[in-house]
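Structural features, examined
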Amino acid sequence: MNKMRYLRIALALVVLALAFTAVFFHGDVGTLCLLCPVGFGEVALASGSIPWALLPGVLIVLVLIVLLGRVFCSWVCPTSLLRNIFGGHKPRGLTGRVGETPGCSTCGRPHNNLAAQAVVLGVLLIVSFIVHFPVFCLICPIGLTFGALFALSRTLITWQPGWELIVFPAMLILEVLVLRRWCSAICPLGFFFGLMAKLHVRLPGAPKPRVQESACRYEQGCRVCEQSCAENICAASATPATLEDCTGCLDCKEHCPTQAIHFLGRQSASSEAKEQEPEH
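Residues numbered from 1 in each chain as written. Predicted model: local features only at pLDDT ≥ 70, side-chain atom pairs only at ≥ 80, totals over all residues. Heavy atoms only, no water.

The subject of this paragraph is the overall build of the chain. Within the chain, the regular secondary structure consists of 15 helices and 2 strands. Among the 280 residues that make up the chain, the fraction classed as buried is 45%. Sequence-distant contacts in the chain: of pairs separated by 6 or more residues, those separated by 24 or more amount to 75%. Counting only carbon and sulfur atoms, one obtains 70% of the accessible surface of the chain, whose full area is about 14300 Å². (Helix = DSSP H or I, 4+ residues; strand = E, 2+ residues; numbered from the N terminus. Buried < 20%, exposed > 50% of the residue type's maximum accessible area, 1.4 Å probe, protein only. Contact = heavy atoms within 4.5 Å. Areas by Shrake-Rupley, 256 points an atom, 1.4 Å probe, with all protein chains shown as cover.)

What follows is the structure, encoded as structure tokens:
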């Protein structure tokens, strides 16, 4: 456990507490799921009409992803909350990291599979259109969390517990412990995050890991940033393609023995040149 993981856990719990408070006092927080691009698309197809009033909120969310990157994945998402609590030094899950390939961060291959996520998204949209229901909400970590909060709130108010109190948390834990490729290859919301992250890493001044070469010990064999990163990214050798997977968890910055990693400010000259190199 480290300071950044404590902060991520605290922030996610605060968000859940605020959501539960709103649910308990009959606040209309269920519509927050419609700010999700996937939820918006499913609702539009399921209902046969575009909810234009919700479109500005979805666009704002996408713009925030461009500006901040995939911070939602590590700081707010319920899946990451469980991994932060139970994951120990293996942030991909209790049984270890997923898809970890030695040297993967230096070869330029991103971990998140946008093609697989796009296929899952397409299937979910087609099914939602056929059954006239946003089916992703039944398996989405955020939807499951809201569903569990609604069930808990109803139990405390009416003292009539429902099966959702068991099924929804169980499904959420299943996604964390069993479907450990959920975030990188299944989550359709990750498809939108991935597309927006491509813009984020190329946005001048955007918060992303920047390495001060004079202090970095990468050439001497140090790989602390890569070992502490949930996405297995080596900040010192990362290309724009690998930085698309960065969730801004700040673990690399905290663990760097020479404090050579910063998320704001000007990057090193060689890193700037590397961003200009064509991707292969």
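A cluster of nonpolar side chains, namely Leu45, Val119, Val123, Ile126, Val127, Phe129, Ile130, Val131, Phe133, Leu138 and Ile139, defines an oily patch on the protein surface of about 950 Å² accessible area. Residue contributions to the nonpolar patch peak at 7 residues, all from helix α7 (residues 114-131). You can see Val123 is positioned in helix α7. A relative accessible area of 45% places Val123 in the partly exposed class. (Patch = residues over 30% accessible without salt bridge, like charges linked within 9 Å, V, L, I, M, F, W, Y side chains within 5 Å. Salt bridge = Lys/Arg side-chain N within 4 Å of Asp/Glu carboxyl O.)

As enumerated under the stated definition, the model contains 0 disulfides in all. Cysteine Cys256 remains unbridged, with the sulfur of Cys222 as its closest cysteine sulfur at 6.4 Å. (Disulfide = S-S within 2.5 Å.)

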